[in-house]
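Fold and geometry: a report
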Amino acid sequence: MKSVIVPSVQSPPSMLKLHDFCNRARYSIGVGVTGFELDFWGRVRNLSDAARSQYLATVQAERAFRLALIRDVASTYFASREADERIALAEATVRSRQEGLRIAERRLEAGVTSALDFRQAESLLTQAETELASLRLAEAQSENFLAVLLGGPVPVGLTVPLTLADQKNGTVIAAGLPSELMVTRPDILAAEEKLRAARANIGAARAAFRVPISVLLGQPSFHPSH
């Protein structure tokens, strides 16, 4: 916007060498300068403020996206670790239910128990296998989502992750934090900058209804001689 407020050079300077009747050299240097607008009504100033606010809103939006990405990666990682531990527990449950079904079948063959107990053991095994399949699906979905967030598959050969019980939270948020911390959130800052940009655009639109005042410049020249 500064190019509209202040004059700018339109063409490169030109120099012409002349000789007068005393055989003295005279040089004529000409520079073409464009006209510029006198910002009486604030149109250019508002457009400049709007462009600046839009840029700052983009910067804050980038910060908000980066924080959201870190949050999603962390939550998806812990969801994957939770699914791993629940799968291990579900597999142990399936093995226990299979053993219970085997015992119930032997007892049924020996006539010690009824068919109802055998069917109940079958139902418990089916429930455990269904739960295991659901957990494996959730783990696959978490791994796929984590690969999308990382922009590629998770690298192999990483160190063995800690269990959820061994995960330590090193950051403790104290109670009684001031509410003013909310205004430092990047999404709120981006919304404020967008509001400023919209307000500046309104000011520029109002100024556009008025007659603009421009200054037209000619081609000043410099004439040294010797």
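Bear in mind that the values here come from a model prediction, so they are computed numbers and not experimental data. (Residues numbered from 1 in each chain as written. Predicted model: local features only at pLDDT ≥ 70, side-chain atom pairs only at ≥ 80, totals over all residues. Heavy atoms only, no water.)

1. Some thoughts on the overall build of the protein chain
So the rule is basically this: Only DSSP runs of H or I with at least four residues qualify as helices, and only runs of E with at least two residues qualify as strands; both kinds are numbered from the N terminus onward. Relative accessible area decides the class of each residue, using a 1.4 Å probe on protein chains only: under 20% of the type maximum gives buried, over 50% gives exposed, and in between gives partly exposed. The method behind every accessible area is Shrake-Rupley, applied with a 1.4 Å probe, and residues are considered shielded solely by the protein chains displayed.
Counting its regular elements, the protein chain contains four helices and five strands. Overall, the protein chain shows an N-to-C arrangement of helices and strands of α-β-β-β-α-α-α-β-β. The buried share among the 226 residues of the protein chain stands at 18%. Just so you have it, the protein chain exposes about 16600 Å², and 61% of that area is on carbon and sulfur atoms.

2. Describing the packing of helix H2 (residues 43-110) against helix H4 (residues 186-208)
To keep things clear, this is the line we draw: Convention adopted: a line fitted to C-alpha atoms gives each axis, helices being fitted over their contacting stretch, and angles between N-to-C directions are expressed from 0 to 180 degrees. Should an angle fall under 35 degrees it is taken as roughly parallel, and over 145 as roughly antiparallel, whereas 65 to 115 is taken as roughly perpendicular and any remaining angle as oblique. The handedness criterion is simple: a crossing whose near helix is rotated anticlockwise from the far helix by less than a right angle is left-handed, and one whose near helix is rotated clockwise is right-handed.
In contact at an axis separation of 7 Å, H2 and H4 are set at 160° when each is read in the N-to-C sense. When the axis of H2 is compared with that of H4, the two are roughly antiparallel. Remark: the crossing between H2 and H4 carries left-handed chirality.

3. A short note on the layout of surface pockets
Note the following rule: Cavity and pocket criteria rest on a 1 Å grid covering protein atoms alone: a 1.4 Å probe that fits but cannot get out defines a cavity, protein on both sides within 12 Å along at least 5 of 7 lines defines an open pocket, and an atom within 4 Å of a point defines a lining residue. Grid points are joined across faces, edges and corners, and a volume is the space filled by probe spheres set on the points. Residue polarity is assigned by list, with Asp, Glu, Lys and Arg as charged and Ala, Val, Leu, Ile, Met, Phe, Trp, Tyr, Cys and Pro as nonpolar; anything else, Gly included, falls into the polar class.
Roughly 320 Å³ of volume is contained in the largest pocket. At five residues, the largest contribution of residues to the lining of the largest pocket is made by H2. When the residues that make up the lining of the largest pocket are grouped by side-chain class, the tally is nine nonpolar, two polar and two charged.

4. Let's talk about a nonpolar patch on the surface
Heads up, the condition is: A residue counts toward a patch only above 30% relative accessible area and without a salt bridge, and it is joined to like-charged neighbours within 9 Å or, for Val, Leu, Ile, Met, Phe, Trp and Tyr, to nonpolar neighbours within 5 Å. Here a salt bridge means any side-chain nitrogen of Lys or Arg lying within 4 Å of a carboxyl oxygen belonging to Asp or Glu.
A cluster of nonpolar side chains, namely Leu 150, Val 154 and Leu 158, defines an oily patch on the protein surface of about 270 Å² accessible area. By secondary structure assignment, the location of Leu 158 is in the loop between helix H3 (115-150) and H4.

5. Remarks on the environment of Phe 65
Its location among the elements puts Phe 65 in helix H2. Overall, the relative accessible area of 57% leaves Phe 65 in the exposed class. Between the C-alpha atoms of Phe 65 and Asp 187, which are 122 residues apart in sequence, the distance is 8.9 Å.

6. Things to note about the pattern of salt bridges
Opposite charge on two side chains allows them to pair when their charged atoms are near. In total, this model carries nine salt bridges according to the counting rule given. Linking Arg 102 and Glu 99 is a salt bridge whose minimum nitrogen-to-oxygen distance equals 2.4 Å. Of this pair, Arg 102 and Glu 99 both sit in helix H2, three residues apart, roughly one helical turn. For Arg 102, a relative accessible area of 38% gives the class partly exposed. Under the relative-accessibility criterion, Glu 99 is labelled partly exposed at 36%.

7. Description of the packing of H2 against H3
Two elements in contact, H2 and H3, have axes separated by 7 Å at closest approach and are oriented at 160°. As far as their axial angle goes, H3 and H2 are roughly antiparallel. Crossing geometry of H2 relative to H3 is assigned as left-handed. Its residues assigned to classes, the contact of H2 with H3 comprises 22 nonpolar, six polar and 13 charged.

8. Digging into the nonpolar core
Which entries qualify depends on this criterion: Each nonpolar core is a collection of buried residues, namely Ala, Val, Leu, Ile, Met, Phe, Trp, Tyr and Cys, held together in the definition by side-chain atoms within 4.5 Å. Throughout, a residue-residue contact means that at least one pair of heavy atoms, one from each residue, lies within 4.5 Å.
In this structure, Ile 87, Ala 90, Val 94, Leu 101, Ala 104, Phe 118, Ala 121, Leu 125, Ala 128, Leu 132 and Leu 135 together form the largest nonpolar core, which totals 11 residues. It is H3 that provides the largest number of residues to this core, a total of six residues. In this structure Ala 90 touches Leu 132 and Leu 135, once residues within four positions along its chain are discounted.

9. Let's talk about the side chain of Glu 193
To keep things clear, this is the line we draw: Counted as a polar contact is a pair of N or O atoms within 3.5 Å, where, for protein atoms, one must be capable of donating a hydrogen and the other of accepting one, and residues adjacent in sequence contribute only when both atoms are in side chains.
Considering the arrangement of structural elements, one finds Glu 193 in helix H4. There is a polar contact of 3.0 Å between the side chain of Glu 193 and the side chain of Arg 196.

10. Thoughts on H2
Operational definition: Take the number of residues in a helix, subtract one, and multiply by 1.5 Å to get its expected span.
Over its 68 residues, H2 extends 97 Å from the first C-alpha to the last, a length consistent with the 100 Å expected when each residue adds 1.5 Å. Backbone geometry just after H2 places Gly 111 at a positive phi near 80°.

11. Structural notes on the packing of aromatic side chains
Defined as follows: For Phe, Tyr and Trp, where Trp contributes only its six-membered ring, two rings pair if their centres lie within 6.5 Å, and the inter-plane angle classes them as stacked under 30 degrees, edge-to-face over 60, or tilted in between.
Enumeration over the complete set of coordinates arrives at one aromatic pair. Plain terms: the ring middles of Tyr 77 and Phe 78 are 5.5 Å apart, the flat faces sit at 70° to each other, and that makes the pair edge-to-face. Exposure remark for Phe 78: the relative accessible area of 36% places this residue in the partly exposed category.

12. Quick look at H3
With 36 residues, H3 extends 53 Å between its outermost C-alpha atoms, agreeing within 8% with the 52 Å of an ideal straight helix rising 1.5 Å per residue. What H3 keeps buried is the set Phe 118, Ala 121, Leu 125, Ala 128, Leu 132, Leu 135, Glu 139, Ser 142, Leu 146 and Leu 149. On its buried face, H3 is in contact with H2.

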